[in-house]
Amino acid sequence: MLGYDKITAALMTLGPVVTGIMGSTFSKLVNGTYNGVLNANGAVVEYTDLIWAKLAVILITNILLVLYIVFYSRKHKNEKLEENIFVPEKSKEVVKKWPLITILVVTLVVIVIATLNWADAFQITVFTDWLEKIKELTIGGYDIWAKLLGTMVAFGNWTYNELMVFLFVIILIIKLIYRVKFEELFDAIFDGMKNYLYAAGIMLLAYAVLIATSNHPVILTILKPLLVVGEEFNSLFLGLKLALSTFISALFSTDFTFHNYTVLPLSYVTSYINDTTMYAVCALITQMMNGLAILVAPTSIVLLFSLSSLKITYLEWLKKIWLLFLAFLVVAVATLIIVLLII
């Protein structure tokens, strides 16, 4: 409706996921996973290790992303919109916007608080303590709150499961405030679902391939010659070959739900690195290259959903974002070199 094309829309949704993983700082899913792999080998890697490098990566990549989107959108703005883009009709009814804006702001704040890794990264257990105390409350001797809350987890441990339930509650709240009929609500939901049936089919196929490759981890066999070559060389060579092997590995496991179980290059390299001060560097390399892979990997779940929902061909995407990919790659390699020169 604002006149932007499909590539701009995809960059707006996919780009922050890429930069967020490349410069991830306190993510339980990203940093927590890598720290767990490394610490299992006798090291003590903290969330705050190389935090300055991570912050630099996320800042620089986001600046590059914004600049790329701005210049690209200026060049392509007001071009004819493709017919396959779903654009809702503008309502002629005048409604108050402040309730919706308030709900969306509160929703965003809750999501941020609920997904931040409070306990592990910041040693803040207040949310866990509160939830436990609430579940211990009884009414007439019955632990009714524990039964009502069931398996609900505290803020800091929310996953997609809790978020989906929360968003469904938000939808119901919006329905009540704006007095939307249930019939209209379900019609809107099903209309939205129909627009993403194709994307959902692509996602199912992608996950089928992902599960197959995760249960048959042959990637290490393929990467082992690369990982063992030049073991006597300096740390820069080690970092570069780890970066390359991680990027190749990420092409087969770009969804972190499955990548958690197959951080193959990282776990293998640590088996012959005696200098534990290098472990934090290995984790940084791994997250940067995994984030970078999401931008271009034909197996990237986030990329496949974005391209299929917007009807963008893979080759068209590569032609439009190759310069951004190279810019992110330069940031990753430059960060690696600077870190190795400093430590």
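Residues numbered from 1 in each chain as written. Predicted model: local features only at pLDDT ≥ 70, side-chain atom pairs only at ≥ 80, totals over all residues. Heavy atoms only, no water.

### Comments concerning the overall build of the protein chain
Heads up, the condition is: Secondary structure counts use DSSP, requiring at least four H or I residues in a row for a helix and at least two E residues in a row for a strand, with both numbered from the N terminus. The contact definition used throughout considers only heavy atoms, calling two residues in contact when any of these lie within 4.5 Å. Residue-level accessible areas treat just the shown protein chains as cover; the underlying method is Shrake-Rupley with a 1.4 Å probe.
Summing up its helical and strand segments, the protein chain has 17 helices and zero strands in all. Once local pairs closer than 6 in sequence are excluded, the contacts in the protein chain between residues at least 24 apart make up 77%. When the accessible area of the protein chain is evaluated, it comes to approximately 20000 Å², of which 70% is carbon and sulfur surface.

### Regarding the packing of aromatic side chains
What counts is decided by this rule: Paired rings are identified among Phe, Tyr and Trp, the last through its six-membered ring, by centres lying within 6.5 Å, and are further divided according to the angle between planes into stacked (under 30 degrees), edge-to-face (over 60) and tilted (the rest).
Applying the stated criterion across every chain, the model contains 12 aromatic pairs. An angle of 55° between the planes, with centres 5.5 Å apart, marks the rings of Phe127 and Phe155 as tilted. Of this pair, Phe127 sits in helix H6 (residues 126-136) while Phe155 sits in the loop between helix H7 (144-149) and helix H8 (160-177), placing them 28 residues apart in sequence. Among the aromatic residues, ring-to-ring pairing joins Phe26, Tyr47, Trp118, Phe122, Phe127, Trp130, Phe155, Trp158 and Phe166 into one connected group.

### What about the packing of helix H1 (residues 6-22) against helix H16 (residues 301-310)?
To be explicit about the condition: To obtain an axis, a line is fitted to C-alpha atoms, over the contacting stretch when the element is a helix, and the angle between two such axes runs from 0 to 180 degrees between their N-to-C directions. Roughly parallel covers angles under 35 degrees, roughly antiparallel covers those over 145, roughly perpendicular covers 65 to 115, and oblique covers all other angles. We call a crossing left-handed when the near helix sits turned anticlockwise from the far one by less than a right angle, and right-handed when that turn is clockwise. For this scheme, ten residues count as nonpolar: Ala, Val, Leu, Ile, Met, Phe, Trp, Tyr, Cys and Pro. Four count as charged, namely Asp, Glu, Lys and Arg, and the remainder, Gly too, count as polar.
Viewed as axis vectors pointing N to C, H1 and H16 meet at an angle of 160°, and their least axial separation amounts to 10 Å. Classified by the angle their axes make, H1 and H16 are roughly antiparallel. The crossing of H1 and H16 is right-handed. In this structure, H1 uses Lys6, Ala9, Ala10, Thr13, Leu14 and Val17 to contact H16, whose residues at the interface are Val302, Leu303, Ser306 and Leu310. Its residues placed into classes, the contact of H1 with H16 shows seven nonpolar, two polar and one charged.

### With respect to unusual backbone geometry
For clarity, the cut-off: Exposed residues in this analysis have more than 50% of their type's maximum accessible area, buried residues have under 20%, and partly exposed residues fall in between, with area computed by a 1.4 Å probe over protein chains only.
Positive phi, normally seen in glycine, also occurs at Gln123, with a value near 55°. Along the polypeptide, Gln123 turns up in the loop between helix H5 (118-122) and H6. With relative accessibility at 58%, the residue Gln123 sits in the exposed group. Phi at Arg179 takes a positive value of approximately 55°, unusual for a residue other than glycine. Here Arg179 is to be found in the loop between H8 and helix H9 (182-194).

### Considerations on helix H17 (residues 314-342)
This is how the line gets drawn: In this scheme, a helix's expected span is set at 1.5 Å multiplied by one less than its residue total. Each residue is assigned a bend, namely the angle between axes fitted to the seven residues that terminate at it and the seven residues that start at it.
For H17, with 29 residues, the first-to-last C-alpha span of 39 Å sits near the 42 Å given by 1.5 Å per residue. Maximal helix bending in H17 amounts to about 60°, located at Ile321. Taken residue by residue, H17 has Trp317, Ile321, Leu324, Phe325, Phe328, Val331, Ala332, Thr335, Leu336, Val339 and Leu340 as its buried positions. Tucked into the core, H17 has its buried residues touching H1, helix H3 (51-76), helix H12 (235-250), helix H15 (279-296) and H16.

### What about the pattern of salt bridges?
The test is simple: Salt bridges are identified by distance alone: a Lys or Arg side-chain nitrogen within 4 Å of an Asp or Glu carboxyl oxygen.
Taken as a whole and assessed by the stated rule, the structure comprises two salt bridges. Between Lys28 and Asp120 there is a salt bridge, with the nearest N and O atoms lying 4.0 Å from each other. With a gap of 92 residues between them, Lys28 in the loop between H1 and helix H2 (31-39) and Asp120 in helix H5 connect regions that are remote in the sequence. Note on Lys28: relative accessible area 41%, which makes it partly exposed.

### Here we look at the environment of Ile103
For Ile103, the position within the fold is in helix H4 (residues 98-115). By relative accessible area, Ile103 is classed as buried at 12%. Separated by 70 residues in sequence, Ile103 and Ile173 have C-alpha atoms that sit 8.6 Å apart. Setting aside anything within four residues of it in sequence, one finds Ile103 in contact with Ile170, Ile173, Ile174 and Ile177.

### A short note on the nonpolar core
Rules: Here, the term nonpolar core denotes a set of buried Ala, Val, Leu, Ile, Met, Phe, Trp, Tyr and Cys residues that are joined through side-chain atoms within 4.5 Å.
If you look at the biggest cluster of nonpolar residues, it comprises 60 residues, and the most contacted ones within it are Leu11, Val281, Leu295, Trp317 and Phe328. Ranked by residue count, the leading element in this core is H15, at 14 residues. Among residues more than four places away in sequence, those in contact with Trp317 are Ile7, Ala10, Leu11, Leu14, Leu295, Leu303, Leu307 and Ile312. Formed by seven residues, the second largest nonpolar core is a distinct cluster that contains Ala114, Trp158, Phe166 and Ile170.

### Describing the side chain of Ser308
The cut-off we apply is this: Side-chain atoms alone can form a polar contact between residues adjacent in sequence; in general such a contact is a pair of N or O atoms within 3.5 Å, and within protein one must be able to donate a hydrogen while the other accepts it.
You can see Ser308 is positioned in helix H16. Here the side chain of Ser308 touches Leu304 through a polar contact of 2.6 Å, landing on its backbone oxygen. In this view, Ser308 contacts Tyr198, Ala199 and Ile202; residues no more than four positions away in its chain are not counted.

### Concerning the environment of Ala280
Looking at the element boundaries, Ala280 is found in helix H15. Once the C-alpha coordinates of Ala280 and Leu38 are considered, the two residues, 242 residues apart in sequence, prove to be 8.3 Å apart. Those residues in contact with Ala280 that sit more than four places away from it in its chain are Val45, Asp49 and Leu50.

### Notes on the packing of H4 against H8
Where H4 meets H8, the axes come as close as 11 Å, and the angle between the chain directions of the two elements is 165°. Comparing the axis directions of H4 and H8 gives the class roughly antiparallel. Between H4 and H8 lies a crossing of right-handed hand. On H8, the residues touching Pro99, Leu100, Ile103, Thr107, Val110, Ile111 and Thr115 of H4 are Leu163, Phe166, Leu167, Ile170, Ile173, Ile174 and Ile177. When its residues are assigned to classes, the contact of H4 with H8 shows 12 nonpolar, two polar and no charged.

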